Amino acid sequence: AARAAAGALYGGAAVDPGTGRLTVGVTGASAVGAVRATGADVRVVERGEDVLDGVAAALADALPADAGAVTGWYPDLAADAVVVTVAEGGTADADALVAAAGVDPGAVRVAEAAPPWSADAGPAAGSAAAQIVGGDPFATNGVVRCAIGFAVTTGFLTAAHCGEPGDTATGLSGGTGVFTAVAPSSGGALVTAEDDWEPTPYVRSGSGLVPVRGSREAPVGASVCRYGPATGVHCGVVQARNQTVVFPGGALHGLVRTSVCAEPGRADGPFLSGGQAQGVAVGGSGSCATGGTTFLAPVNPMLSQWGLTLATA
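Right, let's walk through the structure included here. (Residues numbered from 1 in each chain as written. Predicted model: local features only at pLDDT ≥ 70, side-chain atom pairs only at ≥ 80, totals over all residues. Heavy atoms only, no water.)

## Re the sheet that holds strand 17 (residues 208–211)
Turning to step 1, where the next piece is worked out: If you trace the 3 strands from one edge of the open sheet to the other, you get 8-16-17, paired in mixed fashion. The two strands at the open ends of the sheet, each matched to only one other strand, are strand 8 (131–134) and strand 17. Adjacent strand axes in the sheet meet at a mean angle of 55° when their direction is disregarded.
Turning to step 2, where the next piece is worked out: Direction of pairing for strand 16 (residues 198–205) relative to strand 17: antiparallel, over a ladder of 4 bridges. Bridge pairing in strand 17 links Val203 to Val210. (Pairing = 2+ DSSP bridges. Helix = DSSP H or I, 4+ residues; strand = E, 2+ residues; numbered from the N terminus. Axes fitted to C-alpha atoms, helices over the stretch in contact; angles between N-to-C directions.)

## Regarding the nonpolar core
Turning to step 1, where the next piece is worked out: Counting residues in hydrophobic clusters, the biggest one holds 41 residues, and the most contacted among them are Phe138, Phe150, Phe156, Leu157, Trp197 and Trp306.
Turning to step 2, where the next piece is worked out: Residues Val55, Leu77, Val84 and Ala94 belong to the second largest nonpolar core, which totals 31 residues. (Core = buried A, V, L, I, M, F, W, Y, C linked by side-chain atoms within 4.5 Å. Buried < 20%, exposed > 50% of the residue type's maximum accessible area, 1.4 Å probe, protein only.)

## Overview of the packing of aromatic side chains
Turning to step 1, where the next piece is worked out: Summed over all chains, the structure comprises 3 aromatic pairs.
Turning to step 2, where the next piece is worked out: Ring geometry for Phe156 and Trp197: centres 5.3 Å apart, planes at 80°, overall edge-to-face. Remark: Trp197 occurs in the loop between strand 15 (188–193) and strand 16 and Phe156 occurs in strand 12 (residues 155–159); sequence separation between them is 41 residues. Exposure class is identical for Phe156 and Trp197. Each is buried.
Turning to step 3, where the next piece is worked out: A network of ring pairs unites the aromatic residues Phe138, Phe156, Phe179 and Trp197 as a single cluster. (Phe/Tyr/Trp six-rings, centres within 6.5 Å; stacked < 30°, edge-to-face > 60°.)

Written as structure tokens, this is what we have:
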């Protein structure tokens, strides 16, 4: 409703995790009254979501093969700027990227952050039991262990690092499928299931099955939880959307940044917010012992790109 009220002046929205209040940015004061009438808090911003996404896209176009100390970037709606993350002492590399992209330096903030690690396959436990349940483990070509993300009517979504097109996916207690689509630039993959592996509209938690109700995107600041085969349930908040992360093997774009912790090799699995599918983990930084960040490939672009229907309860 707030987006509709703001019209062309809509500048993005975020939830304050402390108060639960939705704050909507507008790029012109004339929209303040209409947006406030929807019940949201309002603030006037100079750039807004569309401009920040444009800055992020320009940085992606200018990213060199050797990114140096640059580890990624994401739009920060609260700061009305794009935050470029770098390894310790890497500010000069960020400045060089901003200059090469030709974007307004005032629209960019540089911050040092722990280097990212990719969520490649780690230990797994549990049983798929010939049913496709989010969070359950599976093997690729009988060797690599990953976690199912979300079931679709033809199979399931998972992370791109889990397999290549043509690879075979096998549930630990039966069920087979084939990797039929992989998006290496955004981190997602599709496994098409054979008749012996049945999609279900559920994600597995330690206490049972959680129904998947849909895939409505949670706003920045909203709570989100990860369901992992080895590490159980961990929760946090959505920190940003349209995150780029420069991993050692290459950059991924359009990710969702969360404050959910994870461990290297144990970050796979689905993310839910209020029963709504958000994405599948593709990497992170830090750890659950020291506090960290997890990045996920969002569900809706995969559903749209490959013409899929999410399995919902």
